Each structure stands twice: as C-alpha cells, then as structure tokens.
Amino acid sequence: IDNGRYHGSAPIKFGNVCHGKHTLEITHDNYEFVSEKLIVPVSGRIEKTLKRATKKITVKTSLGNSQIEINGVNKGKEPVTFSAPLGIEQSITAVNKEAEKVTRNRAFSKDSDSEYVINMEKLPGQIDFTAFKVRNPGVDIFVDGKKVIGNSSLELSAEKRHNIKFTKKDFIDITKKQSVEGGKTLYYPSKEFKNKRTKCFI
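Since the structure is predicted, the reported quantities are computational estimates derived from the model, not experimental observations.

## Digging into the environment of Gly183
Argument step 1. One can find Gly183 in the loop between β14 (174-178) and β15 (185-187).
Argument step 2. Residue classification places Gly183 among the partly exposed positions, given a relative accessible area of 49%.

Spelled out as structure tokens, the structure:
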C-alpha cells in the first residue's frame, strides 16, 4: 500500500492507515498485477478478485509439419500459438504420420520460454521387394549390406538414404540410393533385369 509503505501476504490487516485515498498494489504468481487508487473507509474490509495471467506460447515439433492439439482440441498444423493460463497444466499433443503421437503435460509461468518444442522421432520404414522378385528370380538384394530374406527389408531409419544392391550371376551389380517414410512400407517397383551377360538395367 502507498508504494510499499506496508507489505505482506493476504489476508493482511493494516493498522494506522488514515481514512482517505491510498494506492493499493497486489502481486501474485501467475496472476495479473493489480494497482489502483481507492478510498479507505474508517473501518471495513476490502476484497479483490485476481485475474489469472496468460502468456503467448508457440508450439513446434522437431519434425515439423505436425498437427497440434491443445487440451484435446485440434489447433491445426504447427507452429501453433495460444494463450496459456499461467500455473495451470496444459495437455499438448503432437501428431505426425511419420512418428508416434506424443503428449506432454506442461504448466507455464511468466518466466517460461515463449517457444515450446516437442521432440519427435521418426518411425522406421520398410521396403517391400515382392513384385520385383517375382519379375527377377535369382536376384539377391542387399540393403545397407544386409541380405534381404523373404520379401521385405528390415526396419529402416527414415532419417537417412539407404544403399540397395542388386546382384545376379552374369550381371553387373547395381547399387541404388533409396529413402523411406517413417511408419510406411515402400513397394519397390517391379522393373526387370535385361538379359545381357555383361550389363543389367533396372
């Protein structure tokens, strides 16, 4: 009160305050600051309702191009900016077709960073060689140096390009680079080896 002449925590009783005009200031973590001039009665009680403060928070993910939900409500693709009520836990969910859905519960304060980044890791992908093998019997396929047994490759990282090597007796080996999408199976095209003893084409 009166520029810090008195201070303490509510509820508080002020003594020796002259009847008349005074300045009242109230601060509370996560609530808006109150500063107002008022007339203090000879005796009585003053009550104030504080308004919870908010902060603009921008939500992003490490992957980008993700859908963001705030407290179960879809807010669209990132980046998403919302007014977070301070001190109240928010449920923030990121959805990306190439990653596992991630939900984080977070309460923000006035000192929180204005940008909140959710870390997401891409799911592995696969390559299916079924159609290719049907048209090219006897061709051995290696992905990153490992022979493909059956029709599908093992789980492959979506974070890098992979080396695919095709080998067949009397043919020159062919090496290709291939990327995969997280959580998806790539069906390799069924192009055919041309029957030449020193060359082959896919």
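## Re the pattern of salt bridges
Argument step 1. Under the definition given, this model contains six salt bridges.
Argument step 2. A salt bridge links Asp140 to Lys147; the nearest nitrogen and oxygen atoms lie 3.5 Å apart.
Argument step 3. Classification of Lys147 as partly exposed rests on a relative accessible area of 43%.
Argument step 4. Where Lys184 meets Glu181, a salt bridge forms, and the shortest distance between an N and an O atom there is 3.8 Å.
Argument step 5. Residue class for Lys184 comes out partly exposed when judged on its relative accessible area of 37%.

## What about unusual backbone geometry?
Argument step 1. Looking along the chain, the bond that leaves Glu78 and enters Pro79 is cis, with omega of 0°.
Argument step 2. Take Pro79: it is sitting in the loop between β5 (73-77) and β6 (80-85).
Argument step 3. Located in the positive-phi region is Asn71, a residue other than glycine, with phi close to 50°.
Argument step 4. Its place among the elements puts Asn71 in the loop between β4 (67-70) and β5.

## Here we look at the pairing of strand β11 (residues 140-143)
Argument step 1. Of the two faces of β11, the one holding Ile141 and Val143 is buried and the one holding Asp140 and Phe142 is not buried anywhere.
Argument step 2. Sheet topology places β11 next to strand β13 (residues 162-167); four bridges connect them, and they run antiparallel. Among the inter-strand pairings, Ile141 is bridged to a residue of β13, identified as Phe166.

## Quick word on the sheet that holds β6
Argument step 1. Pairing within the open sheet is mixed, and its three strands lie in the order β6-β3-β9. The sheet is open, and its two edges are formed by β6 and β9 (115-118), each paired on a single side. The average angle at which neighbouring strand axes cross in this sheet is 35°, direction not considered.
Argument step 2. The sheet contact formed by strand β3 (residues 54-61) and β9 spans four bridges and is parallel. Residue pairing in the sheet places Thr61 in a bridge with Ile118 of β9.

## Describing the packing of aromatic side chains
Argument step 1. Throughout the structure, instances matching the rule amount to six aromatic pairs.
Argument step 2. Ring plane angle 75° and centroid distance 6.4 Å describe the contact between Phe82 and Phe108, whose orientation is recorded as edge-to-face. Of the two residues, Phe82 is situated in strand β6 and Phe108 in the loop between β8 (102-106) and β9; the sequence distance between them amounts to 26 residues. This pair shows no difference in class: Phe82 is buried, exactly as Phe108 is.
Argument step 3. Look at Phe108 and Tyr116: their rings are 5.7 Å apart centre to centre, the planes differ by 90°, and that puts the pair in the edge-to-face class.
Argument step 4. Its relative accessible area of 2% is what places Phe108 among the buried residues.
Argument step 5. Residue classification places Tyr116 among the buried residues on the basis of a relative accessible area of 13%.
Argument step 6. Connected via pairs of aromatic rings, a cluster forms that spans Phe129, Phe132, Phe166 and Tyr188.

## Describing the pairing of β14
Argument step 1. Sheet topology places β13 next to β14; five bridges connect them, and they run antiparallel. Bridge assignment links Ile164 to a residue of β14, and that residue is Lys176.
Argument step 2. Hairpin connection, β13 to β14: the antiparallel pair is bridged by six residues, and Asp170 has positive phi, about 70°.

Calculation notes
- Residues numbered from 1 in each chain as written.
- Predicted model: local features only at pLDDT ≥ 70, side-chain atom pairs only at ≥ 80, totals over all residues.
- Heavy atoms only, no water.
- Helix = DSSP H or I, 4+ residues; strand = E, 2+ residues; numbered from the N terminus.
- Buried < 20%, exposed > 50% of the residue type's maximum accessible area, 1.4 Å probe, protein only.
- Salt bridge = Lys/Arg side-chain N within 4 Å of Asp/Glu carboxyl O.
- Pairing = 2+ DSSP bridges.
- Axes fitted to C-alpha atoms, helices over the stretch in contact; angles between N-to-C directions.
- Phe/Tyr/Trp six-rings, centres within 6.5 Å; stacked < 30°, edge-to-face > 60°.

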